[in-house]
Amino acid sequence: MNSTSRICLLFWSKISIKSCILIIAVLTCISILNDSLLNMRLWNEDGTISSDDDVKLIAETIQEEPAPQFGPAPPTVPSGPANTVVLTTANAAFVNIAENWLASIRKTGIWPDITIIVEDNVAYELLKKRNDIRVLLNQYKTSHDLPIQSPLHRKFVNQRPTHIKKFLQRGLNVLFNDVDIVWIDDPFPYFDGNYDIYLEKDHHDKKNVLSTGFVYYRATNPSLLLIKELVNRIDKNNNNTSEQILLTDIINENIIPKLKVKMLDASKFPNGILNYYLDFAEWRAMHKPVVVHNNWKGGRDEKIKWFKDARLWYVSNRTDVQIT
């Protein structure tokens with residue numbers, strides 16, 4: 001090889017090395033910048049809301065994919081556990097019950113990071129007036145009190161695992177609550193031990209069905225795999241089977257590697273069916289329950305009546321919404 005060839009080879013080798021270094025540096029900068037922009041831009045591509053510090057409560061249209069992007073935390077600083085969101089869903093028919101749920105949490109003396117996913121603009125306009133919660137707007141537009149076990153009700157509740165999955169994907173623990181729940185004490189100390197999911201048994205029959213109305217999911221790989229499998233099965237079943245039955249099946253099949261499940265004490269977390277047969281005042285004095293789930297009642301009015309009879313109704317009827 002002559003001297004000219006050696007000089008050219010040396011020149012191009014140096015150029016190639018420098019080019020590689022330059023490309024790596026540029027890609028690194030782009031990655032860092034992209035992460036920074038992702039942290040600042042907390043909303044969807046539609047540009048409905050930017051990360052304005054003056055924004056208090058905002059609605060977001062929940063998208064199927066990609067990675068979730070949620071609105072800024074509410075102005076009230078949460079006093080609950082870190083990296084944890086308390087999540088529920090509601091529509092206009094249940095705004096007053098949602099207000100009662102929030103009032104019960106306030107009475108416990110803690111205030112966790114709370115998100116309510118609402119199903120219609122009426123509920124959004126009512127709840128966005130608060131400055132202590134995050135409110136997100138879902139695509140499923142329903143304002144009515146849906147009959148339990150009806151196809152519309154099943155479709156409504158079957159969206160919940162998708163919402164939960166999006167928070168878990170961000171590394172946040174999720175305490176999901178049905179909105180027809182009242183907190184009497186702080187439930188978080190009861191989520192002890194090294195478990196992935198904490199939930200209660202539904203006592204409406206003898207089939208050992210688990211309840212999906214009050215569940216604490218730790219942001220672990222097993223719990224994320226569980227919720228992804230649940231979402232997949234809901235899609236495959238075209239909403240013909242409730243998420244409650246499907247979740248029970250997945251756990252009983254023991255197909256999620258290393259998944260650790262803890263059943264909550266039924267005396268501390270009583271299911272609604274128990275209230276058909278027991279005097280709640282006596283039950284409360286004897287067992288000192290932490291969370292009461294007012295499920296297996298007919299509809300909104302029946303639930304409100306039971307809350308009032310049990311002296312667990314903490315709000316006036318100013319938020320009642322009449323749906324025509």
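See above for the structure.
All of the points below concern the structure found in this document. Remember, predicted model here, so these are calculated numbers, not experimental data.

To continue, consider the overall build of the protein. Secondary structure assignment for the protein yields 10 helices and 9 strands. Buried positions account for 48% of the 324 residues belonging to the protein. Summed over its atoms, the accessible surface of the protein is roughly 16,600 Å², and 55% of this surface lies on carbon and sulfur atoms.

Where charged atoms from two side chains of opposite charge come close, those side chains can pair. The tally for this structure, following the rule as stated, stands at 13 salt bridges. Notably, a salt bridge pairs Asp132 with Arg106, separated by 2.9 Å at the nearest N-O pair. Taken as a pair, Asp132 in the loop between helix 3 (121-127) and strand 3 (134-137) and Arg106 in helix 2 (residues 95-107) lie far apart in primary sequence, 26 residues in all. Residue classification places Arg106 among the partly exposed residues on the basis of a relative accessible area of 42%. Residue Arg160 pairs with Asp178 through a salt bridge whose shortest N-O separation is 2.3 Å. Of the two residues, Arg160 sits in helix 5 (residues 160-169) while Asp178 sits in the loop between strand 4 (173-177) and strand 5 (181-183), which places them 18 residues apart along the sequence.

Glancing now at the environment of Pro222. By the secondary structure assignment, Pro222 is in helix 6 (residues 221-236). Judged by relative accessible area, which is 13%, Pro222 ranks as buried. Apart from residues lying up to four places away in sequence, Pro222 is in contact with Asp196, Ile256, Pro257, Lys258 and Leu259.

This next bit is on the nonpolar core. Of all hydrophobic cores here, the largest spans 46 residues; its most connected members are Trp101, Ile114, Ile116, Trp183 and Phe214. The leading source of residues in this core is helix 2, at 7 residues. Setting aside chain neighbours within four positions, we find Trp101 in contact with Val86, Thr88, Ile114, Ile116, Asn177, Val179, Ile181 and Trp183. Core analysis: the next-biggest nonpolar cluster, separate from the first, contains 26 residues, Phe167, Val174, Leu199 and Leu246 among them.

Next up on the list: the sheet that holds strand 2 (residues 113-118). Taken in spatial order, the 7 strands of this open sheet run 3-2-1-4-7-6-8, and their pairing is mixed. One side of each edge strand has no neighbouring strand; the edge strands of this open sheet are strand 3 and strand 8 (261-263). Neighbour to neighbour, the strand axes of the sheet diverge by 30° on average, direction disregarded. The pairing of strand 4 with strand 7 (residues 210-217) spans 4 bridges and is classified as antiparallel. Within strand 7, the position partnered with Leu175 by the bridge is Tyr216. In the packing of helix 2 onto the sheet, the strands contacted are strand 1 (84-90), strand 2 and strand 4, and the crossing angle to strand 2 comes to about 175°. Packing of helix 5 onto the sheet brings it into contact with strand 1, strand 2, strand 3, strand 4 and strand 7, and relative to strand 1 it is tilted by some 160°.

So, about the packing of aromatic side chains. Given two aromatic rings, their pairing is described by the distance between the two centres and the angle made by the two planes. For the structure on display, the rule yields 13 aromatic pairs. With a centroid separation of 6.2 Å and 85° between ring planes, the pair formed by Phe188 and Tyr216 is classed as edge-to-face. With a gap of 28 residues between them, Phe188 in the loop between strand 5 and strand 6 (197-201) and Tyr216 in strand 7 connect regions that are remote in the sequence. Note on Phe188: relative accessible area 13%, which makes it buried.

What counts as what
Residues numbered from 1 in each chain as written. Predicted model: local features only at pLDDT ≥ 70, side-chain atom pairs only at ≥ 80, totals over all residues. Heavy atoms only, no water. Helix = DSSP H or I, 4+ residues; strand = E, 2+ residues; numbered from the N terminus. Buried < 20%, exposed > 50% of the residue type's maximum accessible area, 1.4 Å probe, protein only. Areas by Shrake-Rupley, 256 points an atom, 1.4 Å probe, with all protein chains shown as cover. Salt bridge = Lys/Arg side-chain N within 4 Å of Asp/Glu carboxyl O. Contact = heavy atoms within 4.5 Å. Core = buried A, V, L, I, M, F, W, Y, C linked by side-chain atoms within 4.5 Å. Pairing = 2+ DSSP bridges. Axes fitted to C-alpha atoms, helices over the stretch in contact; angles between N-to-C directions. Phe/Tyr/Trp six-rings, centres within 6.5 Å; stacked < 30°, edge-to-face > 60°.

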